[in-house]
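Summary of the model geometry
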Amino acid sequence: MASTFKVPLFFSIFSIFSIFFLSQLSSKPHPLDSLTSSELLLVRAIVNQSYPCSKYKLTFQYVGLEEPEKPVVKSWLSKPTTKPPPRQALVVIRLNKQTRELIVDLSKRSIVSDKVYNGTGYPLLTIEEQEDAADLAIKYEPFLASIRKRGLNISEVVCSTQTLGWYGEEKTKRELQVACYCLNGNVNMYLRPIEGISISVDLEEMKISEYIERAVTPLPKAEGTEYRASKITPPFGPRFNAAPPTPPGQIGFELDGNIVSWANWKFHLGFDARVCPVISLASIYDAEKKKYRQVMYRSFISELFVPYQDPTEEWYHITFFDCGEFGFGIYAVSLEPLNDCPSSAVFIDGYYAAQDGKPVKVADVMCIFERHSGDVMWRHTEAELRDQEIREARPEISLVVRMVATVGNYDYVLDWEFKPSGSIKFGVGLTGVLEVKAVPYTHNDQIKEEVYGTLIADNTIGIHHDHFLTYHLDLDIDGDANSFVKTNLVTKRVTDKNIPRKSYWSVEHETVKTETDARIKLGTKKPAELVVVNPNKRTKPGNKVGYRLLPGPVVGPLLAADDYPQIRAAFTNYNVWVTPYNKSEKWAGGRYVDQSRGDDTIAVWTNRNRNIENKDIVLWYTMGFRHVPCQEDFPMMPTLSGGFELRPTNFFEYSPVLKTIPPQHLTWPNCTA
């Protein structure tokens, strides 16, 4: 990731240059810095030297930082003036129909590890091979005949790809399904699916391996699906005032290389082709102790599982794993100033390796901004002191890191929000376009069969589906050695018969010792608070310092446990998992997710039932959205938001925002004539 950005024009020249040099003058690469454009080119050269294109059919499926082991990074952090650990890249290639895992050492300019992967599943798909597969359909004569039979114009047809999944086959091959749509002068392609045709493409041979035409279904209308501001027609919705501009030169934080410093927080920001934002080394300044204290070593979205609930022949395979099959970073999009991010935002570019290994720049792929939400950080009025008027309030101000990944029809707005109180909020917004099925129905009274969704417009069914996002949260609460504690809330009876109350609730602390005991399905057992503590550090009153998980809406899988998609997505079986730190255990659905078989998921790793008490542990949290589509989701879905929070629990001696200095509120002159 390169620390480049754009600043709105009304920022002062001094502000622009000062931020520019802050971001560029970091001379030494940080051990957790993402691979730069020049490093990606070097990786490509090193690999091509060993496997020349003239002799081998080679494609780069994934190139990312091979991060050093945590003790190595922390050792360097304790002496940052020393030589940093060697820069290495993890490279996954397809070479002559085989998957190979390479470790490339950039300082040695050589491949230091080269292994053939013979397990199940296939690597991340590239954009290029998906586009090539989609293009095959447009030129395939049986498909052209089907288009003519439907009275459609092939120039208005566009195609995209879908993964096939795994359904018990002993042998598999790299294949994709191709789905096609008819624009008819519009751009909202996903609302105009051409049903009744199944097209499979062999990716190794790059040819159509199966073509089936089943039926001709009416195409949903294009009218009413336009969403571009320049194209929509009356009646219009409400008109809003623009947000006031940020005072010139004020962005509220510092960016030194890829280290972000704001208020009492400091963290490292990275970019990855598979998971996109990676937040590392998050620490918070404790004014009482006069030092930064560790909170989170590394965090990212490990996997996103989206199972659709239509089990018919053309639809049953649609169960996407957006990170492991397609790549959140690969499908991350450039953010739009003032609409995706406010005027104060600083924009960051990202790079990933294309199929040929050359770097691809995603401009403005992330933004960082100070959020003034209009909410209250804290307040109090001493209402009972009648001779005094005492009222104190502090506005809520936070720092947000944002990215958007558009994977097919859905846009995912992902936020990491840091608060002065010590909380970290993780926000997810779902928007975009529904995945719909074309049907002959225009009214519910006509439907006499199960349609697996909601009739949201003429000839259009919005299919039921879920979204499960699994976060990898490597917490280091005031150090590496942590424990996972269930603070169970227990109802007790009052035993003193002189007291009229009959019951109360109390807490019972249960330190979890092994992985299997840490598996939790939220909402199914007695209430409890879930806390990661450092058992070796205590506050002055004797409490163990910690952070607790404040979950979002509780959603779990409804698929049968023996259903193949659920076997592959067993990481969603529980909302909470805890594992001991292991650098190789990063991706909850496994390293090779395309057509995976569920044999390399967190559900398998935790069967070893390793000890997690007073260890370096990782918290995994799965949040979900269950989506029963409705007409308001058509033709463009208003953002559906959710999230969760990590909140300090006896981490500080007292409220870290008690002595927050209130901001100076500026009054802007009226510049209108």
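So, a few notes on the structure that sits alongside this text. As the structure is a computational prediction, the values presented were derived from the model and not from experiment. Going along each chain's sequence as written, the residues are numbered from 1 onward. The predicted nature of this model means local features are confined to residues of pLDDT at least 70 and side-chain atom pairs, given and counted, to a pLDDT of 80 or more, with totals for whole chains, interfaces and linings taken over all residues. Water and hydrogen atoms were dropped before computing side-chain values, which therefore reflect all heavy atoms in the structure.

To continue, consider the sheet that holds strand β6 (residues 175-182). The criterion for strand pairing is that DSSP finds at least two bridges linking the strands in question. Here a helix means four or more residues in a row that DSSP labels H or I, a strand means two or more in a row labelled E, and each is numbered from the N terminus. Reading across from one edge, β5-β6-β7-β8 is the order of the four strands in this open sheet, with antiparallel pairing throughout. The sheet is open, and its two borders are formed by β5 (157-163) and β8 (207-213), each paired with just one other strand. With direction set aside, neighbouring strand axes in the sheet form an average angle of 30°. The pairing of β6 with strand β7 (residues 197-202) spans four bridges and is classified as antiparallel. Among the inter-strand pairings, V178 is bridged to a residue of β7, identified as I199. With respect to the sheet, helix α4 (residues 127-138) is in contact with β5, β6, β7 and β8, its orientation differing from that of β5 by roughly 130°. Of the strands in this sheet, β5, β6, β7 and β8 are in contact with helix α5 (residues 141-149), which crosses β8 at around 30°. For helices, the fitted axis covers only the stretch in contact; all axes are lines through C-alpha atoms, and the angles between them, taken along N-to-C directions, range from 0 to 180 degrees. For this analysis, residues touch if any pair of their heavy atoms sits within 4.5 Å.

Now for the sheet that holds strand β21 (residues 453-457). Backbone-to-backbone hydrogen bonds pair the strands of a sheet. The strands run either parallel or antiparallel. The strand order across the open sheet built from three strands is β20-β22-β21, with neighbouring strands paired in antiparallel fashion. Edge strands, defined here as strands with exactly one partner in the open sheet, are β20 (436-438) and β21. With direction set aside, neighbouring strand axes in the sheet form an average angle of 35°. Relative to strand β22 (residues 460-463), β21 runs antiparallel, the two being bridged by four bridges. In the strand pairing of β22, T454 is matched with G462.

With that out of the way, let us pick up the state of the cysteines. Here, the term disulfide refers to a pair of cysteine sulfur atoms separated by no more than 2.5 Å. With the rule as written, the count across this model stands at two disulfides. A sulfur-sulfur distance of 2.1 Å marks the disulfide that ties C159 to C180. Every disulfide takes its handedness from the sign of the S-S torsion; for C159 and C180 that torsion is 100°, giving right-handed. With C159 in strand β5 and C180 in strand β6, this pair connects stretches of sequence that are 21 residues apart. Its relative accessible area of 17% is what places C159 among the buried residues. One disulfide bridge connects C341 with C367, the sulfur atoms lying 2.2 Å from each other. Taking the sign of the S-S torsion, about -90° here, the bridge from C341 to C367 comes out left-handed. Here C341 is found in the loop between α6 (322-326) and β15 (346-353), whereas its partner C367 is found in strand β16 (residues 359-381), with 26 residues between them in sequence. Note on exposure labels: buried denotes an accessible area under 20% of the residue type's maximum, exposed denotes more than 50%, and partly exposed covers the range between, all computed with a 1.4 Å probe on protein chains only.

Now for the environment of E303. Examined against the element boundaries, E303 turns out to sit in strand β13 (residues 291-307). Sequence-wise, E303 and V439 are 136 residues apart; in three dimensions their C-alpha atoms are separated by 32 Å. Filtering out sequence-adjacent residues up to four positions away, E303 remains in contact with R274, F321, D322, C323, G324, F468, L469, T470, F571, G589 and V593. Here the side chain of E303 touches C323 through a polar contact of 3.0 Å, landing on its backbone nitrogen. Counted as a polar contact is a pair of N or O atoms within 3.5 Å, where, for protein atoms, one must be capable of donating a hydrogen and the other of accepting one, and residues adjacent in sequence contribute only when both atoms are in side chains.

As a further point, take the nonpolar core. Take the buried residues of types Ala, Val, Leu, Ile, Met, Phe, Trp, Tyr and Cys, join any two whose side-chain atoms come within 4.5 Å, and each joined set is a nonpolar core. Counting residues in hydrophobic clusters, the biggest one holds 125 residues, and the most contacted among them are F143, M296, F328, Y471, L473 and F484. Sequence-distant contacts of M296, that is, excluding residues within four places in its chain, are made with I279, S280, L281, A282, I424, F426, L473, D474, L475, D476 and L646. Grouped together as the second largest cluster of nonpolar side chains are 20 residues, V43, L58, L65 and A353 included.

For α5, every residue scored as buried is listed here: F143, L144, S146 and I147. Axial view of α5: buried residues confined to an arc of 160°, hence all on one face. Seen from the open side of α5, the exposed residues pointing more than 90 degrees away from its buried face are R148 and K149. At the C-terminal side of α5, G151 shows a positive phi close to 75°. By definition, the arc is the one covered by directions from the helix axis to the C-beta atoms.

Let's shift gears to the packing of aromatic side chains. Pairing of aromatic rings covers Phe, Tyr and Trp, the last counted by its six-membered ring, and requires centre-to-centre distances within 6.5 Å; plane angles under 30 degrees mean stacked, over 60 mean edge-to-face, and any other angle means tilted. Scanning all chains against the criterion turns up 29 aromatic pairs. With centroids separated by 5.2 Å and ring planes inclined at 85°, the aromatic side chains of Y51 and Y56 adopt a geometry described as edge-to-face. Judged by its relative accessible area of 28%, Y56 is partly exposed. Measuring from centroid to centroid gives 5.6 Å for F426 and Y471, while their planes differ by 70°, and the two rings are edge-to-face.

Everything listed here is a matter of geometry and, on its own, says nothing about what the molecule does.
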